[in-house]
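If you want the building blocks of each chain, they are given just below.
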2 protein chains.
Amino acid sequence: MNKQLLFVNRPSGFPQQDAWNLVETEVPELSEGEVLIRQHFVSLDPAMRGWMNANRSYVPPMELGEVMRAGTVGEVVKANGPHKFQVGDMVSGWGGVQQYTCTNGKGYHKLNTQKVPAPLYLSTLGMPGMTAYFGILDVGKIKPGEVVVVSGAAGAVGSVVGQIAKITGCRVVGIAGGAENCRYLTEELGFDAAIDYKAGNLRKDLKMTCPEGIDVYFDNVGGEILDWVLTRIRMNARIVICGAISQYNETIAKEPANYLSLLVNRARMEGMVVFDYARSYGDAVAQLAEWMQAGKLQSREDIYVGIENFYETFSRLFNDQKTGKLILDIR
Amino acid sequence: MNKQLLFVNRPSGFPQQDAWNLVETEVPELSEGEVLIRQHFVSLDPAMRGWMNANRSYVPPMELGEVMRAGTVGEVVKANGPHKFQVGDMVSGWGGVQQYTCTNGKGYHKLNTQKVPAPLYLSTLGMPGMTAYFGILDVGKIKPGEVVVVSGAAGAVGSVVGQIAKITGCRVVGIAGGAENCRYLTEELGFDAAIDYKAGNLRKDLKMTCPEGIDVYFDNVGGEILDWVLTRIRMNARIVICGAISQYNETIAKEPANYLSLLVNRARMEGMVVFDYARSYGDAVAQLAEWMQAGKLQSREDIYVGIENFYETFSRLFNDQKTGKLILDIR
């Protein structure tokens, strides 16, 4: 049998548990040229909330009744006819929140899990790592000596952004929720400073940690934090708009009231979507893996167990009850 | 005697007449190395409102008691000792709203008013022209075939932006206030379409005039117009933040609530200040003059008379009661 999480109710605001329905269905029969993947790990990402909205974003919205969209890592357990994948291969793709996925293999790629633990392909060597790499280097265009601020800094993307900025020779300040996450940034990841946005002194803390202003801001959060950062940007600053997790469950968005700071400072605010860099993923993976091997880059995966616990785990995306990449082990 | 307009009351919201005080003082004695300029024309610009605020912007705020800051064109009528300017030279600089300016000449440059009417050096061959030129070409990076929208389109900057975009081979839509200004854009300047924002159908009109979306938006206005434009930008769009005249007299700013459209569309919003291009002004003037001579670029100056009428004329900056560049003739 195949446990599948179906998306059944479009939420307004923060989703309730009834947005999804866990069902058991027959493991599907394979058509010619298809493989069956037994999923091991499911990626939980803030972007999931956006996919649940009815309006078109950078990908089409989810339809009611669909299996909940998610990145996955799993093992090929069956094949019907010759295929680019062999039984036993570990593969990653958009398998969705379900135990078994039947696919022709399009959009999947084979992983090397001899050397690299499989969950890493959903974090630093997967989409979050790619997002961090191209966002901070290609859009943020960081240079040694610059002051870089990143929000959502203890998360899968933000933690890699900050470490890449450190490797590049920047001064790095991370914004995260809670004292433990802040400690993680400065003591384990080597950030120069961390700001606990929950402490309620955002404005003062930004001033204290960035007395000479901010050259590059990598924004995962939006809302009030973006607005305060805008008051402290330097000339020719770059703001990378990667996400706005503080806004995903809001029905009325908090806008960047201080956007005219872009004018005064000849600064730039630019959006990015990682899929645009698909052709260069290979280069990024090679570089990130090299940094990890050299001990310059750390990756943390926060793994919870059981497809039944999807909702509780999903909620951790939004309440700072996790550190690093959030993953569900559904074996 | 020298009539001078002093800035005496810092306004909140739209300035009342008592923000300024018109006084008569002695024409100052020249020190060694100074010249006396009899000002002919004073430039009136939306940016003036920003200079009256206490907070630092891209230039220091004005101090109370100062002569009102303004760009000017005037004639050198006296010199004390040898000088780069001769008596009789026409010169442009930051002379302020006053009939006579005494200066060592720093920041002034000599004009060729044999061939070119003097007021043009405050419009298309002056700061507004420079702003349009570098803003739309260097920041907007327009390409032939793109859809370009410009707000404040009947103004000194916007009208040049639109015409440069037409010369480049873009489809150009101007947003202006009032039917007459819109007629001016399409019938006299050759814009492809014009939207009267006062007609109250901004959203529908944008949809109708830009059915396939917007590649470049040159924003002089901010507020609601920027926010609606954000809903219609295309992939890799560029938004040039040049000004926000709709906001200059507001105490609470209207923010770009739809800024996440930058993310979805991998788009960019970037501020610009013309002074950064000072070293290239000469090239821009040459190109703009060539276009004018070839009949490809029109310049309109809306000239009012009398330093006593400063307040009434200043008000025209904000109520759409002008077309083209607003200038005060104070001879």
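For clarity, every value in this text was computed on a predicted model and none was experimentally measured.

As for unusual backbone geometry
Residue and element names in this part refer to chain B.
No. 1: You will see that Asn236, though not glycine, has its phi angle at about 60°, which is positive.
No. 2: The topology assignment puts Asn236 in strand 12 (residues 233-241).
No. 3: We note that Asp320 has phi near 65°; this positive angle belongs to a residue other than glycine.
No. 4: Tracing the backbone shows Asp320 in the loop between helix 9 (310-315) and strand 15 (325-329).

Thoughts on the interface of chain B and chain A
No. 1: Tallying the contact residues gives 28 residues for chain B and 28 residues for chain A.
No. 2: Carbon and sulfur atoms make up 64% of the area that chain B and chain A hide from each other, which totals about 2,500 Å².
No. 3: The largest contributions to the chain B side of the interface with chain A come from B:Tyr259, B:Leu263 and B:Arg266, which together make up 28% of the buried area.
No. 4: At the junction of chain B and chain A, the tally comes to four salt bridges.
No. 5: Across the pair B:Arg268 and A:Glu270 runs a salt bridge whose closest N-O atoms are separated by 3.2 Å.
No. 6: Linking chain B with chain A are seven residue pairs in polar contact (both at pLDDT 80 or more).
No. 7: Residue assignment for the side of chain B that touches chain A shows that the elements contributing at least two residues are helix 6 (223-230), helix 7 (261-264) and strand 13 (268-271) of chain B.
No. 8: Examining the composition of the side of chain B that touches chain A, we find that four residues originate from one element, strand 13 of chain B, more than from any other.
No. 9: Residues belonging to the side of chain B that touches chain A are distributed by class as follows: 17 nonpolar, five polar and six charged.
No. 10: In the sheet, strand 13 (residues 268-271) of chain A pairs with strand 13 of chain B via three bridges, with the strands oriented antiparallel.

Let's talk about a nonpolar patch on the surface
Residues and elements named next belong to chain A.
No. 1: Taken together, the side chains of Trp94, Met127 and Phe275 define a hydrophobic patch exposed on the protein surface, amounting to about 270 Å² of accessible area.
No. 2: Tracing the sequence through the fold places Met127 in helix 2 (residues 127-139).
No. 3: The partly exposed category is assigned to Met127, whose relative accessible area is 31%.

Quick look at the relation of the copies chain B and chain A
No. 1: Mapping chain B onto chain A calls for a rotation angle of 180° and an axial translation of 0.0 Å; the resulting RMSD is 0.0 Å. Expressed as an axis order, the relation between the two copies is that of a two-fold axis.
No. 2: A shared interface surface links the copies, since 100% of the contact residues of chain B are contact residues in chain A too.

So, the pairing of strand 4 (residues 72-79) of chain B
Two faces, one strand: in a regular strand the side chains alternate between the faces of the sheet.
Residue and element names in this part refer to chain B.
No. 1: As judged from the seven bridges shared by strand 3 (residues 35-43) and strand 4, these two strands associate in the antiparallel manner. Within strand 4, the residue paired with Leu36 across the bridge is Lys78.
No. 2: Relative to strand 5 (residues 90-93), strand 4 runs antiparallel, the two sharing four bridges. Bridging across to strand 5, Thr72 finds its partner in Gly93.

Considering the nonpolar core
No. 1: Counting 54 residues, the largest nonpolar core has A:Ile239, A:Met269, B:Ile239 and B:Met269 as its most contacted members.
No. 2: Each residue touching B:Ile239, except ones within four places of it in the same chain, is listed here: B:Tyr217, B:Leu226, B:Leu230, B:Ile233, B:Leu262, B:Arg268, B:Met269 and B:Glu270.
No. 3: One finds B:Ala176, B:Leu185, B:Phe191 and B:Val274 within the second-largest nonpolar core, a separate group that totals 47 residues.

Overview of the packing of aromatic side chains
Residue and element names in this part refer to chain A.
No. 1: Evaluated as defined, the whole model comprises 26 aromatic pairs over all chains.
No. 2: Aromatic pair Tyr133 and Trp291: ring centres 6.3 Å apart, planes at 45°, arrangement tilted. Here Trp291 lies in helix 8 (residues 281-293) and Tyr133 lies in helix 2, a separation of 158 residues in the sequence.
No. 3: The class for Tyr133 is buried, based on a relative accessible area of 15%.
No. 4: When the centroid spacing of 5.5 Å and the interplanar angle of 55° are considered together, the rings of Phe314 and Phe318 count as tilted. Grouping residues by exposure puts Phe314 and Phe318 together as buried.
No. 5: Above the ring of Trp51, the side-chain terminus of Arg69 is found at 5.4 Å from the ring centroid.

Digging into the side chain of B:Lys325
Residue and element names in this part refer to chain B.
No. 1: By secondary structure assignment, the location of Lys325 is in strand 15.
No. 2: In this structure the side chain of Lys325 is engaged in a polar contact, spanning 2.7 Å, whose partner is the side chain of Asp45.
No. 3: Apart from residues lying up to four places away in sequence, Lys325 is in contact with Ser43, Leu44, Asp45, Leu122, Ser123, Pro128, Ala156, Arg300, Glu301 and Asp302.

What to know about the sheet that holds strand 13 of chain B
No. 1: Across the sheet, which stays open at both edges, the twelve strands sit in the order 10(A)-9(A)-8(A)-11(A)-12(A)-13(A)-13(B)-12(B)-11(B)-8(B)-9(B)-10(B) with mixed pairing between neighbours. The outermost strands of the open sheet, each flanked by one partner alone, are strand 10 (193-196) of chain A together with strand 10 (193-196) of chain B. Recorded for the sheet is a direction-independent mean angle of 15° between the axes of neighbouring strands.
No. 2: Pairing analysis gives three bridges linking strand 8 (residues 147-151) of chain B to strand 11 (residues 214-219) of chain B, with the strands arranged parallel.

Things to note about the domain arrangement of chain A
Residue and element names in this part refer to chain A.
No. 1: Assigned domains within chain A: domain 1 (2-122 + 300-329) and domain 2 (127-275).
No. 2: Taken together, both faces of the contact between domain 1 and domain 2 bury some 1,500 Å²; the carbon and sulfur share is 56%.
No. 3: The tally of links from domain 1 across to domain 2 stands at two salt bridges.
No. 4: For Asp320, the salt bridge goes to Lys198, with nearest N and O atoms at 3.3 Å.

Section: helix 3 (residues 156-168) of chain A
All names here are of chain A.
No. 1: Its 13 residues place the ends of helix 3 19 Å apart at the C-alpha level, agreeing with the 18 Å of an ideal helix rising 1.5 Å per residue.
No. 2: A large share of helix 3 lies buried, amounting to ten of its 13 residues.
No. 3: By the burial criterion, the buried members of helix 3 are Ala156, Val157, Gly158, Ser159, Val160, Val161, Gly162, Gln163, Ile164 and Ala165.
No. 4: Of the surrounding elements, those touching the buried residues of helix 3 are helix 2, strand 8 (147-151), strand 9 (171-176), strand 11 (214-219), helix 8 and strand 15 (325-329).
No. 5: Gly169 sits one or two residues past helix 3 and shows a positive phi near 100°.

Criteria and cut-off values
- Residues numbered from 1 in each chain as written.
- Chains lettered and ligands numbered in written order.
- Predicted model: local features only at pLDDT ≥ 70, side-chain atom pairs only at ≥ 80, totals over all residues.
- Heavy atoms only, no water.
- Helix = DSSP H or I, 4+ residues; strand = E, 2+ residues; numbered from the N terminus.
- Contact = heavy atoms within 4.5 Å.
- Buried area = accessible area lost by both parts, 1.4 Å probe.
- Salt bridge = Lys/Arg side-chain N within 4 Å of Asp/Glu carboxyl O.
- Polar contact = N/O pair within 3.5 Å; in protein donor to acceptor, adjacent residues only side chain to side chain.
- Nonpolar A, V, L, I, M, F, W, Y, C, P; charged D, E, K, R; others polar.
- Pairing = 2+ DSSP bridges.
- Patch = residues over 30% accessible without salt bridge, like charges linked within 9 Å, V, L, I, M, F, W, Y side chains within 5 Å.
- Areas by Shrake-Rupley, 256 points an atom, 1.4 Å probe, with all protein chains shown as cover.
- Buried < 20%, exposed > 50% of the residue type's maximum accessible area, 1.4 Å probe, protein only.
- Least-squares fit on C-alpha atoms with pLDDT ≥ 70 in both.
- Core = buried A, V, L, I, M, F, W, Y, C linked by side-chain atoms within 4.5 Å.
- Phe/Tyr/Trp six-rings, centres within 6.5 Å; stacked < 30°, edge-to-face > 60°.
- Lys NZ or Arg CZ within 6 Å of the ring centre and 35° of its normal.
- Axes fitted to C-alpha atoms, helices over the stretch in contact; angles between N-to-C directions.
- Domains from an automatic or database assignment.
- Expected span 1.5 Å × (residues − 1).

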